[in-house]
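In case you want the letters, here they are:
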Amino acid sequence: MKIAIIGTGRVGNTLAEGFVAAGHDVVFGSRDPDDRPGLPVPVLTTTASVEGADVVVAAVPGRDTPAILREIGAAALAGKVLIDVGNALGDSFDLLYPNAGLGAALQAAFPQTRVVKTLNTVSAPLMAHPGAIPQTAVFLSGDDPDAKKVVAGLLEDLGWPAKARIDLGDISTARATEHYFFLSMDIGRALGTTTYGIAVVS
């Protein structure tokens, strides 16, 4: 698939390497494409990166995602699968969308784009290397069943087997995984590491 990853930080790099290893055609989108040496895939402007892309990954801080996507434009994103991996936090580390969630806000702002929330409950290293903690679960939320199938396939490519993937339902359920951020931070402080995962046992 052709995948555009918006953002060239640790999350973007991790996902780019994982998708390239799985055989996908990947580019980065950046506001400063000429100031990003040494990255594993080509870097284009944010607008150019999404042209022809099947999937767009928002791998920037969640608070910045809406503005960056508005710059790209609703028309350019129409029909595409948008993977939202962010948690939108304010300066005081409070949730900017406590009653709806970033995922739902993006879907409302871009109704012709098929938003799927996932991977926001794991640290960047685990996103493309879940085998480091095999019991870890990953969650999906989205309104479009076909888009979720596409994202599930990409998660499989990153090493997330079907038994690890839990479909929570429509995009409104992304609020629950975004609220997990607070528990996640407390767990990290208690363990002294961000390398841990959630195991769901039934």
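Please read these numbers as outputs of a predicted model, since none were measured by experiment.

## Some thoughts on the sheet that holds strand S3 (residues 43-45)
Part 1 of the argument: In spatial order, the strands read S3-S2-S1-S4-S5-S6-S7-S8; together these 8 strands make up an open sheet with mixed pairing. Of all strands in the sheet, those with a lone pairing partner are S3 and strand S8 (165-169), marking the two edges. This sheet shows a mean twist of 30° between the axes of neighbouring strands, independent of strand direction.
Part 2 of the argument: Where strand S1 (residues 2-6) meets strand S2 (residues 25-30), 5 bridges bridge the pair, whose relative direction is parallel. Paired with Ile-3 across the two strands is Val-26, which belongs to S2.
Part 3 of the argument: Sheet strands in contact with helix H5 (residues 102-109) are strand S5 (81-84) and strand S6 (114-118), and its direction is about 170° off that of S6.

## A word on the packing of aromatic side chains
Part 1 of the argument: Summed over all chains, the structure comprises 1 aromatic pair.
Part 2 of the argument: Relative to Phe-182, the ring of Phe-181 has its centre 5.6 Å away and its plane inclined at 75°; by these criteria the two rings are edge-to-face.
Part 3 of the argument: Residue class for Phe-182 comes out partly exposed when judged on its relative accessible area of 35%.

About the criteria used
Residues numbered from 1 in each chain as written. Predicted model: local features only at pLDDT ≥ 70, side-chain atom pairs only at ≥ 80, totals over all residues. Heavy atoms only, no water. Pairing = 2+ DSSP bridges. Helix = DSSP H or I, 4+ residues; strand = E, 2+ residues; numbered from the N terminus. Axes fitted to C-alpha atoms, helices over the stretch in contact; angles between N-to-C directions. Contact = heavy atoms within 4.5 Å. Phe/Tyr/Trp six-rings, centres within 6.5 Å; stacked < 30°, edge-to-face > 60°. Buried < 20%, exposed > 50% of the residue type's maximum accessible area, 1.4 Å probe, protein only.

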